[in-house]
Amino acid sequence: MSAAGKEPADLEARILLGAATGLDALALLTRDAEPLGAAAGRLRGFAARRLAGEPVNRITGSTNFFGLDLLVAPNVLDPRADTEILVETALKLLAKTGATNPRIVDLGVGSGAILCALLDARPDAFGVGVDLSPDACAATQANLAQLGLAGRGQVIRGDWTAALSGPFDLVVSNPPYISHAEIAELDCEVRNHDPLLALDGGPDGLAPYRLLAGELRRLLRPGGVVCVEIGWRQAGEVSDLLRAAGWDAISCRRDHGGRDRVVAVEG
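Residues numbered from 1 in each chain as written. Predicted model: local features only at pLDDT ≥ 70, side-chain atom pairs only at ≥ 80, totals over all residues. Heavy atoms only, no water.

### Section: the overall build of the chain
Within the chain, the regular secondary structure consists of eleven helices and nine strands. Over its C-alpha trace the chain gives a radius of gyration of 19 Å, about what one expects of a compact globule, namely 18 Å for 267 residues. Buried residues in the chain amount to 49% of all 267 residues. Taking the contacts inside the chain whose residues are at least 6 apart along the sequence as the reference set, 68% of them involve residues at least 24 apart. (Helix = DSSP H or I, 4+ residues; strand = E, 2+ residues; numbered from the N terminus. Rg over C-alpha atoms; globule rule 2.2 N^0.38 Å. Buried < 20%, exposed > 50% of the residue type's maximum accessible area, 1.4 Å probe, protein only. Contact = heavy atoms within 4.5 Å.)

### Examining the environment of proline 195
Tracing the sequence through the fold places proline 195 in the loop between helix 9 (188–191) and helix 10 (207–219). Judged by its relative accessible area of 18%, proline 195 is buried. Considering only alpha carbons, one finds proline 195 and proline 74, 121 residues apart in sequence, at a separation of 8.6 Å. If sequence neighbours within four positions are ignored, proline 195 has contacts with Arg58, Asn75, Val76 and Leu77.

### Side note on the pairing of strand 3 (residues 103–107)
Every regular strand shows the same layout, with side chains that alternate between the two sheet faces. Of all five residues making up strand 3, four are buried, and the element is well covered by its neighbours. Summarising the sheet, strand 3 and strand 4 (residues 126–131) pair through five bridges and their orientation is parallel. By the bridge assignment for strand 4, valine 105 is matched with valine 128. When strand 3 meets strand 6 (residues 168–173), the two strands line up parallel, connected through four bridges. Residue isoleucine 104 lies in a different strand from strand 6, and its bridge partner there is leucine 170. (Pairing = 2+ DSSP bridges.)

### Notes on the packing of helix 10 against helix 11 (residues 235–244)
Helix 11 packs onto helix 10 with a crossing angle of 30° between their chain directions and a minimal axis gap of 9 Å. Relative to helix 11, the element helix 10 is oriented roughly parallel. As helix 10 runs across helix 11, the sense of the crossing is right-handed. Along the contact surface, helix 10 presents Tyr209, Arg210, Ala213 and Leu216, while helix 11 presents Val238, Leu241 and Leu242. (Axes fitted to C-alpha atoms, helices over the stretch in contact; angles between N-to-C directions. Parallel < 35°, antiparallel > 145°, perpendicular 65-115°, else oblique. Left-handed = near helix turned anticlockwise from the far one by under 90°.)

Written out as structure tokens, the structure is:
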């Protein structure tokens, strides 16, 4: 996960107005002189929730990720724009392997944003999403279904890799990577509305990476690819964990703000 950037107030207002009225952007422009009617009450409610610090995506119940319209569920991490870098990197490196009909696993699948984006971009792929949260599993199943991807995706409720045998051509993960001490310092929109399970990465924020580093050899097909999202100051530490586990073809990709965001391994 990563902290969300805030949209300009006028854009947020248009999004909330569209959600309250059920009108798209063009209809809002062409019908701007019409009275709101019953939508006025919905808009007032939305505005009150936003003023109280609730993120817009949670108010509307939807978001756009990698060009896909996804449901945003309560108690499930709201996908961030920076996570699209993880998808871009994974698709590029997967194509480089030349794998056909690739098998993909998304560890800590959350809303299913990453898995859905990968399956949408690779119609020949089959993907598995794993999450300990029943709410996250339900959200992923709902997003796979609404995008017509359910036939190529499986959701498993489990503790990281415990229920998996592999091998996979691509392993991706956006694990919790905030340290215990940093949780209290997060923006209130993240701290108060994203689930702690999706944020807390242990005492130093690296607990999931330690686990994954030790399991990747078992899960990854020879020549496969691993891509994990990281906190912007964690590239060196995560890379060191992977090297200690025997991996050497390690690279890092930066996000839209120029900060380290993805560590990748080419097996």
